[in-house]
Amino acid sequence: MQEYIYNTDSNKEFLKENAEALLEFGRKFPSPGGGSYYLGDDGSPWKERPRETWITARMAHVYSIGTMMGYEFCGPLADAAIKGLLGELRDMENGGWYPGINADGTIIPGKQCYAHAFVILAATSAYLAARPGADELLRAALETYDKYFWNEEEGLSCDFWNTEFTECDSYRGLNANMHSVEAFLAVADALQDEVYRDRAGRIIDRVVGWAEENDYRLPEHFTSDWKYVLDMNKEKPDDPFKPYGATPGHGIEWARLIIQWAMSTKMCDSKKQAYIDTAAKLYDRAIADAWNVDGAPGIVYTTDWDGKPVVHDRMHWTLAEAINTSSVLIRVMGSEKYSADYNRYMRYLDTAVLDHSCGSWYHQLDRMNNLKTTVWPGKSDLYHAFQAMLIPYADVDVSIAATLRFSQN
């Protein structure tokens, strides 16, 4: 019987085998132009759907890491995604990257901070993997982000521009800022450029303040001057990117990023511990609100501001982040509670979320853990699931791609 206990040889082997299986599952993602097809249940491309920048960037990131793990077949796949990011998805006239391309070749208008953050992450991983074109991609991605999305005065990033970068939308959100923190830490590690680590810290300080003001349930949506909009999308609570209420999975994800940032800085130990304690409170709040609160295991997608579940569906990425963060908390807090959490998440992964017939993870389950496809049909990409197979034994203070690259030196 599979053993799910953290830091056992059998658990390490389980993660290794599933990382390899994920890399195999996603092999059919590249389009002729390099943009990533959205993957179906069995890994076949759904060519009628748009080829989106954020998915393509995630695939470039994953397969760049795969090359550093020694899987030779990953190199050409990483290169294909980089080709898409330097080619069909890039706006050579106005700068930056389109959100995506429709199946008929037309452009999806606008410019998204979220997508640009993933382009930076992809470029950083490709740079560390020494893939062709990575230098150009990273340089262009940082230049565009710094010019249009980062606000030095506020210490936060805006979310949306029009295609021409002439009109900035008034919406502000934490999701894009969260993935910007991830990207900034990756850049800081890869280039030894502390400007980006400092930026990550500025965002984190704002997030810590909002967490403390809201009983560690993080607001997701804001006005242009960073005032909460707590009732946004109340009529569409399961929106994939702007859901109503608190998103426990994001609280869990923020907790890990806060710890990574704090541990990577030169702060004194007492200050680091204060951030770690805050991260633990974010995680603990999310798990108390969301795990197994409706009679079945799993993490509910959203809650209201009192912690009551709103959307009971289980999204695969929330489990991935719970695996990641619990494994980090085991190492920085040393509590048996987090070991027990990790063990039950891994058991739930194996018994409910892993698709043992077609491969990869089911992306959406209902409150009784039956397959559901209203928000995330198919299996769009590998990013969350793949990272959850690596982060549990990676360095807690270094981005995942940098951990692999530096371990080879």
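Because the structure is predicted, anything quoted here is derived from the model rather than measured.

**Some points on the overall build of the protein**
Across its full length, the protein holds 13 helices and 14 strands. In terms of overall size, the protein behaves like a compact globule, its C-alpha atoms giving a radius of gyration of 20 Å where 409 residues would be expected to give roughly 22 Å. Scored against the burial criterion, the 409 residues of the protein give a buried share of 62%. For the protein, restricting intrachain contacts to residue pairs at least 6 apart in sequence, the fraction spanning at least 24 positions comes to 65%. Surface accessibility of the protein: about 15,400 Å² in total, with carbon and sulfur atoms responsible for 48%. Charge separation in the protein, taken as the distance between the mean sites of 40 positive and 60 negative side-chain charges, equals 1 Å.

**Regarding the pairing of strand β12 (residues 300–303)**
Relative to strand β13 (residues 309–315), β12 is paired through three bridges, and the arrangement is antiparallel. The residue bridging Thr 302 from the neighbouring strand is Val 311, located in β13. Between β12 and β13, which follow one another and run antiparallel, lie five residues, and Gly 307 among them has a positive phi close to 90°.

**Brief notes about helix α10 (residues 316–333)**
Over its 18 residues, α10 runs 25 Å from end to end, which matches the ideal 26 Å to within 8%, given 1.5 Å per residue. Trailing α10 by a residue or two, Gly 334 shows a phi angle of about 65°, which is positive.

Calculation notes
Residues numbered from 1 in each chain as written. Predicted model: local features only at pLDDT ≥ 70, side-chain atom pairs only at ≥ 80, totals over all residues. Heavy atoms only, no water. Helix = DSSP H or I, 4+ residues; strand = E, 2+ residues; numbered from the N terminus. Rg over C-alpha atoms; globule rule 2.2 N^0.38 Å. Buried < 20%, exposed > 50% of the residue type's maximum accessible area, 1.4 Å probe, protein only. Contact = heavy atoms within 4.5 Å. Areas by Shrake-Rupley, 256 points an atom, 1.4 Å probe, with all protein chains shown as cover. Lys, Arg positive; Asp, Glu negative; His and termini not counted. Charge placed at Lys NZ, Arg CZ, Asp CG, Glu CD. Pairing = 2+ DSSP bridges. Expected span 1.5 Å × (residues − 1).

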